[in-house]
Amino acid sequence: LLFISCDKKEPLSKVVQRGLDISARQSIYLAGELENQMEILPRTYANNELKTAGYKSWISGFFPGVLWYLYENDSLTEIRKYAELYTARVEKAKTMTNTHDLGFMLYCSFGNGYRLTSNPHYLEVLKTGAESLSTRFNEKVGVIKSWNSNGKWQYPVIIDNMMNLEMLSFVAKETNQEHFMDIANTHARTTLLHHFRPDNSCYHVISYDTITGKPHAKQTHQGYSDSSVWARGQAWALYGYTMMYRETQNEKYLQQAINIAKFILHHPNLPEDKIPYWDFDAPNIPDEPRDASAGAIIASALLELGQYVNDDKLSKEYQSVAAQQLRTLSSDEYLAAPQTNGGFILKHSVGNKPRNSEVDVPLTYADYYYVEALLRYKKLLQ
Ligand code: GLY
């Protein structure tokens, strides 16, 4: 009997529940650690030290977002109190016009908060955020500028920017302001045209010439090389086009999401446990760090994409890979034991390997998409 029970896989419903329970315990612990530090949000944990950030960081919205998802799961008053507290700490980001990351910062926090509470103030914050983000759109180029120009790049746009379109689409629908949707759609169309290679992998950075409106550079910032396949970039692309299909029903976005999924899932360097190395072309695979954040984003995106494809075989493939990813991320290798890992949920993510920054550490965005994927899987099981 012992042999049989050890050999049997834990049912996925149990994996999901265990993952959510541990995530709640960890997040309450982490929220308590920083509760009295005004304006501070968690970032990572390295060398036994909790690293934090303020509202200006691109990661500011993820921890509040984790708390909202956990509140959605079990309606705990304590979690809601913390979700409100940490969401408020991000509010000042709403008037920032020097970054494209406002979707990450505000939609994960205020967007989830509004979805779950209908607090009208949260909607006001999202509207202001959409206004601020749209100031970075240039009609001639047809994309939102990610970073300001520098000596190397005139008008840099990173694939990550697809993720910021969800807030624009939401505000467009909520307030009948079509121009936000037009900006989101135009950005997605232009990105589809220029960001992808013939094999459907994507570049990280495309810089556009503001006079011709055409790309003048196709490079990387966080990947191994300009021509390599940075794992999180592929994850943002997959998630971004799946989400834009949901928002627009444009079949071209669905087809692109399917193309990206095909590239990722059939890549010879995707490990058996389905958590990618930080770059699919990293030179020392298999001795390269994995990126749990990329695994979590891909899992969440696949669970959504599986609902849209009109092909049973593909849908099952997406669900089965996502299930494997959730199993791996919920194993001792990735899921931290309560009150370890600085209170973060997952271990082993990679922020920026070329700059040796945040390598093999916990990251709030890995936690956010892991919890989102667990909830998506739970809903599927129900
Ligand atoms: N958006 C920045 C990153 O994915 O690291």
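Here the residue numbering is sequential within each chain, running from 1 through the sequence in written order. For a predicted model such as this one, the threshold for reporting local features is a pLDDT of at least 70, and the threshold for listing and counting side-chain atom pairs is 80 or more; totals across whole chains, interfaces and linings nevertheless cover every residue. Only hydrogens and water are set aside; all other atoms, that is, all heavy atoms of the structure, feed into the side-chain values.

Draft legend 1. Molecular detail of the packing of aromatic side chains. Pairing of aromatic side chains here covers Phe, Tyr and the six-membered ring of Trp, requires ring centres within 6.5 Å, and sorts the geometry by plane angle: under 30 degrees stacked, over 60 edge-to-face, intermediate tilted. In the structure shown here, the tally under the stated rule is 25 aromatic pairs. Ring centres of Phe110 and Tyr122 lie 5.3 Å apart, and the angle between their planes is 90°; on these two criteria the pair is classed as edge-to-face. Residue Phe110 is located in helix α5 (residues 102–117), and its partner Tyr122 is located in helix α6 (residues 120–134); the two are separated by 12 residues in the primary sequence. Take Phe110 and Tyr122: they sit in the same class, and that class is buried. A ring pair is formed by Tyr114 and Phe170, whose centres lie 6.0 Å apart and whose planes are at 70°; its orientation type is edge-to-face. With Tyr114 in helix α5 and Phe170 in helix α7 (residues 165–175), this pair connects stretches of sequence that are 56 residues apart. When sorted by exposure, Tyr114 lands in the same class as Phe170, which is buried. Here a set of aromatic residues connected by ring pairs shows up, and it is made of Trp58, Phe62, Tyr69, Phe104, Trp236, Tyr239, Tyr365, Tyr368 and Tyr369. Lying across the ring of Tyr203, Arg197 places its NZ or CZ 4.2 Å from the centre. Strands here are runs of E lasting at least two residues and helices are runs of H or I lasting at least four, both read from the DSSP assignment and numbered beginning at the N terminus. Whether a residue is buried, partly exposed or exposed follows from its accessible area with a 1.4 Å probe, protein chains only, as a fraction of its type maximum: under 20%, in between, or over 50%, in that order. Only when the NZ of Lys or the CZ of Arg is both within 6 Å of the ring centre and within 35 degrees of the ring normal is a charge said to sit over the ring.

Draft legend 2. Region of the structure containing the sheet that holds strand β5 (residues 156–158). Pairing between two strands requires that DSSP report at least two bridges joining them. Reading across from one edge, β5-β6-β7 is the order of the 3 strands in this open sheet, with antiparallel pairing throughout. In this open sheet, the two strands that pair with only one neighbour each are β5 and β7 (215–219). Adjacent strand axes in the sheet meet at a mean angle of 20°, parallel and antiparallel pairs treated alike. The sheet contact formed by strand β6 (residues 205–208) and β7 spans 4 bridges and is antiparallel. Each bridged residue has a counterpart across the sheet, and for Ile206 the counterpart in β7 is Lys218. The sheet strands contacting helix α8 (residues 178–194) are β5, β6 and β7, and the helix crosses β6 at an angle near 105°. Orientation is described by axes fitted as lines to C-alpha atoms, over the contacting stretch for helices, and by angles from 0 to 180 degrees between their N-to-C directions. The contact definition used throughout considers only heavy atoms, calling two residues in contact when any of these lie within 4.5 Å.

Draft legend 3. Representation of the packing of α7 against helix α9 (residues 231–248) within the structure. At a minimum axis separation of 10 Å, α7 and α9 run at an interaxial angle of 10°. When the axes of α7 and α9 are compared, the pair comes out roughly parallel. Facing Leu165, Glu166, Ser169 and Lys173 of α7, the residues of α9 in contact are Tyr239, Met243, Met244, Arg246 and Glu247. Classification used: nonpolar for Ala, Val, Leu, Ile, Met, Phe, Trp, Tyr, Cys and Pro, charged for Asp, Glu, Lys and Arg, polar for all others including Gly. Each residue belonging to the contact of α7 with α9 can be placed in one class, and the counts come to 4 nonpolar, 1 polar and 4 charged. Throughout this description, any angle smaller than 35 degrees is read as roughly parallel, any larger than 145 degrees as roughly antiparallel, any in the 65 to 115 degree range as roughly perpendicular, and the remainder as oblique.

Draft legend 4. Structural context of the state of the cysteines. When two cysteine sulfur atoms lie within 2.5 Å, the pair is treated as a disulfide. Under the counting rule described, the total for this entry stands at 0 disulfides. Summary of cysteine pairing: Cys108 is not part of a disulfide, and the nearest cysteine sulfur, belonging to Cys202, is at 19 Å. By relative accessible area, Cys108 is classed as buried at 5%. Taking relative accessible area as the criterion, Cys202 reaches 2% and is therefore assigned buried.

Draft legend 5. Up close: helix α10 (residues 251–265). Each helix should span, by expectation, one fewer than its residue count multiplied by 1.5 Å. Taking 1.5 Å per residue, 15 residues should reach 21 Å; α10 reaches 21 Å between its end C-alpha atoms and fits that length. Every buried residue of α10 is listed here: Tyr253, Leu254, Gln256, Ala257, Ile258, Ile260, Ala261, Phe263, Ile264 and Leu265. Its buried side turned inward, α10 meets α8, α9, α11 (292–308) and α12 (312–329). Polar contact is defined as a pair of N or O atoms within 3.5 Å, subject to the rule that within protein one atom must be able to donate a hydrogen and the other to accept it, and that residues adjacent in sequence are counted only when both atoms are side-chain atoms. Sitting at the amino-terminal end of α10 is Asn250, which places a side-chain oxygen 2.8 Å from the backbone nitrogen of Lys252.

Draft legend 6. Quick look at the site of the ligand. Near, as used in this document, describes a residue that has one of its heavy atoms within 4 Å of the molecule or strand being considered. Every residue near the ligand is listed here: Trp58, Asp160, Gln222, Trp230, Arg232 and Trp236. Between the ligand and Gln222 there is a distance of 2.7 Å, counted from an oxygen atom to a side-chain nitrogen or oxygen. Trp236 places a side-chain nitrogen or oxygen 2.9 Å from an oxygen atom of the ligand. Method for areas: the Shrake-Rupley scheme with a 1.4 Å probe, in which residue coverage is limited to the protein chains shown. Within the complex, the protein chains bury 93% of what would otherwise be the 200 Å² of accessible surface of the ligand. The cavity that encloses the ligand is the second largest pocket. The way it works is a 1 Å grid over only the protein atoms, where trapped points that fit a 1.4 Å probe form a cavity and open points with protein on both sides within 12 Å along at least five of seven lines form a pocket, and then any residue with an atom within 4 Å of a point lines it. Whether a molecule lies in a cavity or pocket depends on its atoms, and more than half of them have to be within 2 Å of the grid points.

Draft legend 7. The arrangement of the environment of Lys252 in detail. Among the structural elements, Lys252 can be located in helix α10. What makes Lys252 exposed here is its relative accessible area of 61%. Sequence separation between Lys252 and Leu192 is 60 residues; the distance between their C-alpha atoms is 9.0 Å.

Draft legend 8. Inspection of unusual backbone geometry at higher detail. A cis amide bond links Ile285 with the next residue in sequence, Pro286, at an omega value of 15°. Inspection of the secondary structure assignment puts Pro286 in the loop between α10 and α11. At Asn200, a residue that is not glycine, the phi angle is positive and equals roughly 75°. One can find Asn200 in the loop between α8 and β6. Backbone geometry places Gln339, a non-glycine residue, at a positive phi of 65°. Note on placement: Gln339 falls in the loop between α12 and β8 (349–352).

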